[in-house]
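These are the residues of each chain, in order.
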Amino acid sequence: MSDISLEIRNAIFAKFNTDERFTNDQIFAELQNTNKIEKSLTIDDMEQYFANLCDAGIMRNIAQNFTTQWFKLFDPLEKVTCPACKAEIPVNKSEEKNCPLCNAAI
C-alpha cells in the first residue's frame, strides 16, 4: 500500500466513517488541507488510489459526475495495530486480515 492509500484510509476513518456517502473531492481537499499529499497532485492523480480501495472491498462507487465520484463504505473502518510494523491501519471487517504495509497477519 502506498502512503497515499494509507492517508486516504485515515481521512475516511476520521471524517467519513459512517453510512453516509462522501466524494473523492472531499477526501482530496482534506488531504490537501492537512498537507498529507504533495500540492502538485491533482484529483486525476488520485483516481487509482480510490479504485484500489474499491477493489479491496472497503468502499463502492455509487455515482460519478465527470471527475467527482461518490462512495459509500461497505462496513465502518476500525483501527488495528499491526503486531509486526506497529502501524495503526484503518481496516474493515470484510478485508483480508493482512497488514497492507508489511503484509503480516493482523
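Attention here is on the structure that accompanies the text. Just so it is clear, the structure is predicted and the values come from calculations on it, not from any experiment.

Applying the stated rule across the entire model yields 3 aromatic pairs. Relative to Phe22, the ring of Phe16 has its centre 5.3 Å away and its plane inclined at 25°; by these criteria the two rings are stacked. In this structure, Phe16 and Phe22 share a single accessibility class: buried. Ring plane angle 40° and centroid distance 6.0 Å describe the contact between Phe22 and Phe71, whose orientation is recorded as tilted.

Let us look at the sheet that holds strand 3 (residues 68-73). Across the sheet, which stays open at both edges, the 3 strands sit in the order 1-3-2 with antiparallel pairing between neighbours. Edge positions in the sheet fall to strand 1 (22-23) and strand 2 (59-65), since each has one partner strand and no second. Note: strand 1 against strand 3, 2 bridges, orientation antiparallel. Along strand 3, the bridge assignment pairs Phe22 with Phe71. Here helix 3 (residues 43-55) sits on the sheet and contacts strand 2 and strand 3; the angle it forms with strand 2, its principal contact strand, is near 135°.

Moving on, we get to the nonpolar core. In terms of nonpolar packing, the biggest core is built from 21 residues, with Ile8, Ile12, Phe22, Ile27, Met46 and Met59 touching the most fellow members. Those elements that place two or more of their residues in this core are helix 1 (3-15), helix 2 (24-33), helix 3 and strand 3. Tallying contributions element by element places helix 3 first for this core, with 5 residues. Those residues within four positions of Met46 in sequence are excluded, and the remaining contacts are Ile4, Ile8, Phe28, Leu31, Ile37 and Leu41. Among the nonpolar cores identified, the runner-up in size contains 8 residues, and Leu6, Val80, Cys82 and Ala104 belong to it.

Below, the discussion takes up the pairing of strand 4 (residues 78-81). The pairing of strand 4 with strand 5 (residues 88-91) spans 4 bridges and is antiparallel. Its bridge partner being in strand 5, Val80 is matched across the sheet by Ile89. Connecting the antiparallel pair strand 4 and strand 5 is a turn made up of 6 residues, with Lys86 showing a positive phi of about 65°.

About the criteria used
- Residues numbered from 1 in each chain as written.
- Predicted model: local features only at pLDDT ≥ 70, side-chain atom pairs only at ≥ 80, totals over all residues.
- Heavy atoms only, no water.
- Phe/Tyr/Trp six-rings, centres within 6.5 Å; stacked < 30°, edge-to-face > 60°.
- Buried < 20%, exposed > 50% of the residue type's maximum accessible area, 1.4 Å probe, protein only.
- Pairing = 2+ DSSP bridges.
- Helix = DSSP H or I, 4+ residues; strand = E, 2+ residues; numbered from the N terminus.
- Contact = heavy atoms within 4.5 Å.
- Axes fitted to C-alpha atoms, helices over the stretch in contact; angles between N-to-C directions.
- Core = buried A, V, L, I, M, F, W, Y, C linked by side-chain atoms within 4.5 Å.

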